[in-house]
Amino acid sequence: MKMRIVNKSKHPLPEYKTKMSAGMDIRANLSEIVVLQPLERQLIPTGLFIELPEGYEAQVRPRSGLALKEGLGLLNSPGTIDADYRGEIGVIVINLSNSPITITDGERICQMVINKVEQAEWVKVEDLVETERGNGGFGHTGKN
């Protein structure tokens, strides 16, 4: 799939790190270092603008290594970029650790996954088809 991208950052285009990667790494585009205190959140610019084809979305997700090693997470995760959005991609990061986290210019802060999507057309009915599960919700299958 070919996608149009405008790169106003100082960094290379997002790339897949392995042949079978689902996500491509996205870098912070900063004029100064960002230090996040515990539980602090901030919108981090990327300098990237994309043109997704109709019927697709981009999802912005945490990088597992940063989440495990540093406690850096993303709010609104996965963040959805709609096909008709043309603004700069921004990433809402949060420090979920007990120590300050430093984000530097060019650091890979998240990953982006491209997905095919469909829009639903609602059909209003009075009842739904019964299933074995029924209305069993959170925790209904037990812990083990």
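Data block above holds the structure.
Quick caveat, the model's predicted, so the values are computed rather than measured. (Residues numbered from 1 in each chain as written. Predicted model: local features only at pLDDT ≥ 70, side-chain atom pairs only at ≥ 80, totals over all residues. Heavy atoms only, no water.)

**Student:** Is there a simple way to explain the overall build of the protein chain in this structure?
**Tutor:** Each helix and strand in the protein chain was counted, giving one helix and eleven strands. Ordered by position from the N terminus, the helices and strands of the protein chain form the series β-β-β-β-β-β-α-β-β-β-β-β. The C-alpha radius of gyration computed for the protein chain amounts to 19 Å, which surpasses the reference 15 Å derived for 144 residues by more than 25%, pointing to a less compact arrangement than a globule. Overall, the C-alpha framework of the protein chain stretches about 55 × 40 × 30 Å when taken along its three principal axes. (Helix = DSSP H or I, 4+ residues; strand = E, 2+ residues; numbered from the N terminus. Rg over C-alpha atoms; globule rule 2.2 N^0.38 Å.)

**Student:** Explain the pairing of strand β9 (residues 90-95) here, please?
**Tutor:** Taken residue by residue, a regular strand's side chains alternate between the two faces of the sheet. As paired strands, strand β4 (residues 41-45) and β9 are joined by five bridges and run antiparallel to one another. The residue of β9 that forms the bridge with L43 is I92. Judged from the three bridges that link them, strand β7 (residues 72-74) and β9 form a sheet pairing that is antiparallel. Note that in β9 the partner of L72 across the bridge is N95. (Pairing = 2+ DSSP bridges.)

**Student:** In this structure, what is going on with a nonpolar patch on the surface? I would like to understand it.
**Tutor:** On the surface, a nonpolar cluster with roughly 250 Å² of combined accessible area is contributed by L43, L75 and I92. With respect to the secondary-structure elements, L75 resides in the loop between β7 and β8 (79-81). (Patch = residues over 30% accessible without salt bridge, like charges linked within 9 Å, V, L, I, M, F, W, Y side chains within 5 Å. Areas by Shrake-Rupley, 256 points an atom, 1.4 Å probe, with all protein chains shown as cover. Salt bridge = Lys/Arg side-chain N within 4 Å of Asp/Glu carboxyl O.)

**Student:** What exactly am I supposed to notice about empty space enclosed by the protein here?
**Tutor:** Where empty space is left in the structure can be found by rolling a water-sized probe over the atoms. Per the stated rule, a full pass over the model turns up one cavity of 30 Å³ or more. Taken together, S9, H11, P12, L13, P14, E15, K17, D25, R27, T46, L48 and R108 make up the full set of residues lining the largest cavity. For the lining of the largest cavity, the per-class residue count stands at four nonpolar, three polar and five charged. (1 Å grid on protein atoms, 1.4 Å probe; cavity = no way out; pocket = protein on both sides within 12 Å on 5 of 7 lines; lining within 4 Å. Points joined across faces, edges and corners; volume = space filled by probe spheres on them. Nonpolar A, V, L, I, M, F, W, Y, C, P; charged D, E, K, R; others polar.)

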